[in-house]
Amino acid sequence: MRLNVASLFPQSPRCAFCSRTAGRLAHDMPQGVVLCDACYAEVGWITAPRCEQCGRQLDAHMPVSEEGGYCADCLRFQQLFAQTGLVKNRAVVQYSPLAQDVVSLFKYRGRETLAVPCGKLMAKRVQDEYRDETIRAVTFVPLHPRREAERGFNQAERLANVIGSELRLPVYHLLQRTKDTSKQSKRSRHSRLNAMRDAFRTRLSMERNFYRQGTFLLVDDVYTTGTTLRACASVLKEAGVARVLAVTFAR
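Criteria and thresholds
Residues numbered from 1 in each chain as written. Predicted model: local features only at pLDDT ≥ 70, side-chain atom pairs only at ≥ 80, totals over all residues. Heavy atoms only, no water. Helix = DSSP H or I, 4+ residues; strand = E, 2+ residues; numbered from the N terminus. Buried < 20%, exposed > 50% of the residue type's maximum accessible area, 1.4 Å probe, protein only. Contact = heavy atoms within 4.5 Å. Areas by Shrake-Rupley, 256 points an atom, 1.4 Å probe, with all protein chains shown as cover. Pairing = 2+ DSSP bridges. Right-handed = clockwise from strand over helix to strand, strands pointing away. Core = buried A, V, L, I, M, F, W, Y, C linked by side-chain atoms within 4.5 Å. Salt bridge = Lys/Arg side-chain N within 4 Å of Asp/Glu carboxyl O. Axes fitted to C-alpha atoms, helices over the stretch in contact; angles between N-to-C directions. Parallel < 35°, antiparallel > 145°, perpendicular 65-115°, else oblique. Left-handed = near helix turned anticlockwise from the far one by under 90°. Nonpolar A, V, L, I, M, F, W, Y, C, P; charged D, E, K, R; others polar.

> For this particular structure, what's the right way to read the overall build of the chain?
Within the chain one finds eleven helices and six strands. Here the chain, with 251 residues, has 49% of them falling under the buried criterion. Nonlocal contacts in the chain, meaning residues at least 24 apart in sequence, comprise 69% of its contacts between residues at least 6 apart. Working note: accessible area of the chain is about 13,200 Å², and carbon and sulfur atoms make up 47% of it.

> Looking at this structure, how should I read the pairing of strand β5 (residues 215–222)?
One face of the sheet, then the other: side chains in a regular strand alternate in exactly this way. Taking burial as the measure, the eight residues of β5 include eight buried ones, the bulk of the element. With five bridges joining them, strand β2 (residues 135–140) and β5 adopt parallel strand pairing. Considered in β5, the bridge of F140 is made with V219. Bridge analysis of β5 against strand β6 (residues 244–250) gives six bridges, and the strand direction is parallel. Paired with L217 across the two strands is L245, which belongs to β6. What joins β5 to β6 is helix α11 (residues 227–239), and the crossover it makes is right-handed.

> Is there a simple way to explain the nonpolar core in this structure?
Proteins that are soluble and globular tend to have nonpolar side chains buried together. Core analysis: the largest hydrophobic core is formed by 45 residues, its most contacted members being F17, L217, V219 and F249. At the level of secondary structure, the elements contributing two or more residues to this core comprise β1 (86–93), α5 (97–108), α6 (115–129), β2, α8 (155–167), β5 and β6. Apart from residues no more than four positions distant in its own chain, F249 is found in contact with F17, A91, V92, V93, V102, V103, C118, L121, M122, D220 and D221.

> Honestly, the pattern of salt bridges in this entry has me stumped. Any pointers?
Oppositely charged side chains are able to pair whenever their charged atoms sit close together. Going through the model one piece at a time under the given rule, you end up with eleven salt bridges. Ionic pairing is found between E52 and R90, a salt bridge with its closest N-O pair at 3.4 Å. In this pair, E52 is assigned in the loop between α2 (37–42) and α3 (72–76) and R90 in strand β1, connecting sequence segments 38 residues apart. According to the relative accessible area criterion, E52 is partly exposed, its value standing at 35%. Among the salt bridges present, the one from R147 reaches D180, with a minimum N-O distance of 3.1 Å. Here R147, found in helix α7 (residues 145–151), pairs with D180, found in the loop between β3 (175–177) and α9 (189–196); they are 33 residues apart in sequence, far enough to count as distant. R147 gets classed as partly exposed once you look at its relative accessible area, which sits at 25%. Among the ionic contacts, a cluster of salt bridges with common partners joins R50, E52, R90 and E129.

> How should the packing of α6 against α8 be read in this particular structure?
Packed helix pairs are specified by the crossing angle of their axes together with the interaxial distance, meaning the distance between the axes. At a minimum axis separation of 8 Å, α6 and α8 run at an interaxial angle of 55°. Compared by their axis directions, α6 and α8 come out oblique. As α6 packs across α8, the resulting crossing turns out to be right-handed. Between α6 and α8, the contacting residues are A115, V116, C118, G119, K120, M122, A123, V126 and Q127 on the first element and R158, L159, V162, I163, E166 and L167 on the second. Looking at the contact of α6 with α8 residue by residue, the classes come out as ten nonpolar, two polar and three charged.

> I tried to follow the sheet that holds β5 on my own but got confused; where do I start?
Within a sheet, each strand pairs with its neighbour through backbone hydrogen bonds, oriented either parallel or antiparallel. Strand order across the open sheet formed by four strands is β1-β6-β5-β2, with parallel pairing between neighbours. Here the strands that pair on one side only, and so sit at the sheet edges, are β1 and β2. This sheet shows a mean twist of 25° between the axes of neighbouring strands, independent of strand direction. Those strands touched by α5 are β1, β5 and β6, and its axis lies near 100° from that of β5. In this fold α11 packs onto β1, β2, β5 and β6, with an angle of close to 155° to the strand it touches most, β5.

> Could you clarify how one ought to interpret the side chain of Q155 in this entry?
Tracing the backbone through its elements, the reader meets Q155 in helix α8. Sequence-distant contacts of Q155, defined by excluding residues within four places in its chain, comprise F106, K107, L143, D220 and D221.

Here's what the structure looks like:
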């Protein structure tokens, strides 16, 4: 008779973010996502109240528009959202030090498996926040071919594939990056706007009717100023998409 050692000595679940042994399991995590108590407490979940436009966490010290529900940045740039076709963004966590570490491990230090827990958390946020929306398909922010070759993968594409699987939606590679805009987080807002001009185009030659078949979900890992997402949404709108919703892991 062959003994199953794993059943006799079951291993404790490991935290998806720090790989330490997790204690109690958080009840509101998607199936298959385990976080330790420390990471659960420190990651900075975005909860109400948050900006209706960009999904940013609002607090008592943050300027909010008199209309309520919008951060000062989104009130200032509201016209840009309307022009580009990006309806709104929702994010899972604030760009806390822990979230920055998770994104860095995922993108630059070989922890590609983080796409699964992050993508599942993003899918849950889509289910919670966009429950009244009829989403046609999922697409993602592309990397420039040179940058993708260096990294070996596109983190937004990996997240989109997990989200599509969780939500049972098709994932389409609709966009292509035509300019290598380097790291956007180091740029000023004005510099980002200039860098993103004509930086994307549609990748597939599809009939405009395809794009009009419903709302598309646009995926990226981090929302900083929204410049990249708006640039992608603008290209999708020009191709015929009526509405673009976005989801990011961090904001």
